[in-house]
Amino acid sequence: PGAPSCRARVSWSEVTYPAVVDPTWVTTTRLAGARHGHAMIRLPSGMLFMAGGFHSVNSLGNGPVLGCELFEPKTRTWASSVSLPNGRVELALAATDDGRYVIVGGDGSTRPELFDPSSGGITRPMDGDPSVSPAGMTATTLDSGLVLLVGGNGGAATLFSAKAMTFTPAGTPS
């Protein structure tokens, strides 16, 4: 106790690989309400941004979640953030080519929304792309800054550029 460092020796002689190591769990503040089917992404500040999901029956009611929340890992606290125009379940989040984060898919809306961490606001810059399937898609930021949207109920792939505000078909995965 009180030392600037310590050493630990771990022996795996009686443990078979792969071993599951049980981490220490820590308590955080509570979320506004229980949810599932949400999406979360790490911001450059280190905070986590969580959007969407579905409330189980609780103090917030029963249905899609409108409110977003931020988690600060340093203080282990949750805070309410912006609200989505429409609740979304099974949505996807990804960083865009202009420093914002695209919120796409999910039951509830085919229209993309952009979260701007510098202003803390949500904007709906354009109409959705009918090839972007609502629920179950993935959103992956490419090295170019474009976001590849794949899957969902329709299975098509689309590239999204926040700078140009465009969707470009990218084929259908085989």
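That block above? That's the structure.
Residues numbered from 1 in each chain as written. Predicted model: local features only at pLDDT ≥ 70, side-chain atom pairs only at ≥ 80, totals over all residues. Heavy atoms only, no water.

**Quick word on the pairing of strand β13 (residues 147-151)**
Note that strand β12 (residues 137-141) and β13 share five bridges and pair antiparallel. Residue pairing for β13: Met-137 is matched across the bridge by Gly-151. Between β12 and β13, which pair antiparallel in sequence order, lie five residues; one of them, Gly-145, sits at a positive phi of approximately 95°. (Pairing = 2+ DSSP bridges. Helix = DSSP H or I, 4+ residues; strand = E, 2+ residues; numbered from the N terminus.)

**Considerations on the pairing of strand β6 (residues 67-72)**
Of all six residues in β6, five are buried; the element is thus mostly enclosed. Bridge count for strand β3 (residues 48-51) against β6 is three bridges, and the pairing is antiparallel. What sits directly across from Phe-49, in β6, is Leu-70. The pairing of β6 with strand β7 (residues 77-83) spans five bridges and is antiparallel. Counted as the bridge partner of Phe-71 is Trp-78 from β7. What sits between β6 and β7 in their antiparallel hairpin is a turn of four residues, with Arg-76 showing a positive phi close to 60°. (Buried < 20%, exposed > 50% of the residue type's maximum accessible area, 1.4 Å probe, protein only.)

**Digging into the pattern of salt bridges**
Side chains carrying opposite charge are able to pair once their charged atoms draw close together. For the structure shown, the criterion picks out three salt bridges. Taking the shortest distance from any N to any O, the salt bridge between Glu-69 and Arg-35 comes out at 2.9 Å. Of this pair, Glu-69 sits in strand β6 while Arg-35 sits in strand β1 (residues 35-36), placing them 34 residues apart in sequence. A residue is classified by how much of its surface remains accessible, and Glu-69, at 3% relative accessible area, is buried. (Salt bridge = Lys/Arg side-chain N within 4 Å of Asp/Glu carboxyl O.)

Note that every value here comes from positions in space, so none of it alone points to a role or purpose.
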